[in-house]
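Below are the chains, spelled out letter by letter.
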Amino acid sequence: MQGRACALAFLATCLMAGPASAYTAYVSNEKDNTMTVVDTATMKVIKTVDVGQRPRGITISPDGKFVYLCASDDDTVQIIDTSSLDVVGDLPSGPDPELFVLSPDGKTLYIANEDDNLVTVVDVASKAVLSEIPVGVEPEGMGVSPDGKTMVNTSETTSMAHFIDTQSHEVTDNVLVDTRPRFAEFKPDGSQVWVSAEVGGTVSVIDNAKRQVVKKIQFAINGLRAETIQPVGIAITADGKKAYVALGPANHVAVINTETYEVEKYILVGQRVWHLAFTPDQKTLITTNGNSNDITFIDTATDEPVQSLTVGQQPWGVAISPN
């Protein structure tokens, strides 16, 4: 009887655990002009899709039906149907779109145009350009607040974070950060925006209400020169407690306590880690590793790498289905 009870308890545990949630990840590969489609449960490639030239920024609609992809050298944003994996249209983008951000309601796309020093605002449904907003030199990083009222663009050469009112399309504040800012990420409660500086080697934490830098986070990894530690992509957990920062040629992801601003761990991933994204259940973080042509799956419960998977040449961005 005791053995049977143990067996039943084990079975109940297995049933409660259930299978891993299956999501689809979409990875832009800028060197071979492809997008790799990945099953996050099996950690295997489903398909490789030909797309436009030098694909970089990538995001997905809130309903998961469409992927939007910056074809930077084609000066366009491609629309990809996730059911057929066909390119079904384009959105106007201005020259050299590299990064963009979709409004929380999925209706508006904000695109950084590096060559023209503009942010292009596009209505997704009508495919109309609503506005072109002048910003600093070489805009790249893009972030939008959870309430959709504020958008932040970072300009690499000007070393600034530009705060833009999404109703008026006007720049309301400019905040100086460190050299070559590459990415902007709001905390889920909208209280802060975190901006990475690739050459400066820091992350600036900006108070969204005061529009002031309240903390600069620095990084140090044993055995690595400071100049190899180049922060780029940032992802913050839904509960706002942890931030993950991709450190470029340092080949590590930093895990940061958002309350103390202390780096709690460095996770070794592939070579030249660019960007990262969570699965919707927040159990897995996926990084794109440009020089090793792979992505790394990280278990967020342990903050340990689980597996690497070869994708296309020079993977850059990653977006994951919401369901």
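Conventions used here
- Residues numbered from 1 in each chain as written.
- Predicted model: local features only at pLDDT ≥ 70, side-chain atom pairs only at ≥ 80, totals over all residues.
- Heavy atoms only, no water.
- Pairing = 2+ DSSP bridges.
- Helix = DSSP H or I, 4+ residues; strand = E, 2+ residues; numbered from the N terminus.
- Axes fitted to C-alpha atoms, helices over the stretch in contact; angles between N-to-C directions.
- UniProt positions renumbered as here; feature names shortened; annotations may be inferred.
- Polar contact = N/O pair within 3.5 Å; in protein donor to acceptor, adjacent residues only side chain to side chain.
- Contact = heavy atoms within 4.5 Å.
- Salt bridge = Lys/Arg side-chain N within 4 Å of Asp/Glu carboxyl O.
- Buried < 20%, exposed > 50% of the residue type's maximum accessible area, 1.4 Å probe, protein only.
- Phe/Tyr/Trp six-rings, centres within 6.5 Å; stacked < 30°, edge-to-face > 60°.
- Lys NZ or Arg CZ within 6 Å of the ring centre and 35° of its normal.

An unreviewed UniProt entry lists the protein under the name 40-residue YVTN family beta-propeller repeat protein, with Mesorhizobium plurifarium as the source organism.

To continue, consider the sheet that holds strand β2 (residues 34–39). An order of β3-β2-β1-β28 is seen for the four strands of this open sheet, with the pairing classed as antiparallel. Two strands bound the open sheet, and with one partner strand each, they are β3 (44–50) and β28 (315–320). This sheet shows a mean twist of 25° between the axes of neighbouring strands, independent of strand direction. Judged from the five bridges that link them, strand β1 (residues 24–29) and β28 form a sheet pairing that is antiparallel. In the strand pairing of β28, Ser28 is matched with Gly317.

Further remarks concern the sheet that holds strand β12 (residues 139–144). One open sheet accounts for four strands, arranged β12-β13-β14-β15; its pairing is antiparallel. Of all the strands in the sheet, just β12 and β15 (170–176) have a single pairing partner and so form its edges. For this sheet, the mean inter-axis angle between neighbouring strands, taken without regard to orientation, is 25°. As defined by bridge partners, strand β14 (residues 160–165) adjoins β15 across six bridges and the pair is classed as antiparallel. Bridge pairing in β15 links Ile164 to Val171.

What follows is about the UniProt feature "domain: YNCE-like beta-propeller" (unreviewed entry) in the protein. Cross-referencing UniProt, the feature "domain: YNCE-like beta-propeller" (unreviewed entry) maps to residues 250–322 in the present numbering. The span residues 250–322 carries 0% helix and 59% strand; its end-to-end C-alpha distance comes to 30 Å.

What follows deals with the side chain of Thr120. Inspection of the secondary structure puts Thr120 in strand β10 (residues 118–123). Polar side-chain contacts of Thr120 include one of 2.4 Å to the side chain of Asn113. Excluding anything up to four places from it in sequence, Thr120 contacts Ser93, Gly94, Leu109, Tyr110, Ile111, Asn113, Val129, Ser131 and Glu132.

With that settled, the discussion passes to the pattern of salt bridges. Here the structure, examined in full by the defined rule, presents 16 salt bridges. When the shortest N-O distance is used, the salt bridge between Arg56 and Glu30 registers 3.0 Å. Here the residue Arg56 occupies a position in strand β4 (residues 55–60), and Glu30 occupies one in the loop between β1 and β2, the gap between them amounting to 26 residues. Note on accessibility: Arg56 and Glu30 belong to one class, buried. Measuring nitrogen to oxygen at the nearest pair gives 2.4 Å for the salt bridge that ties Arg182 to Glu198.

We now examine the packing of aromatic side chains. For the coordinates displayed, the defined rule picks out three aromatic pairs. Arranged with centres 5.7 Å apart and planes meeting at 80°, the rings of Tyr244 and Phe278 form a pair that is edge-to-face. In this pair, Tyr244 sits in strand β21 (residues 242–246) while Phe278 sits in strand β24 (residues 273–278), placing the two residues 34 residues apart along the sequence. Exposure remark for Tyr244: the relative accessible area of 0% places this residue in the buried category. Looking at Phe278, the relative accessible area reads 13%, which means it is buried. Ring geometry for Trp274 against Trp316: centres 5.6 Å apart, planes inclined by 40°, an arrangement best described as tilted. Taken as a pair, Trp274 in strand β24 and Trp316 in strand β28 lie far apart in primary sequence, 42 residues in all. Here the two residues Trp274 and Trp316 agree in accessibility, since each one is buried. The cationic tip of Arg56 hangs over the ring face of Trp274; the distance from NZ or CZ to the ring centre is 5.4 Å. Above the face of the Trp274 ring, Arg272 is positioned so that its terminal group lies 4.3 Å from the ring centre.

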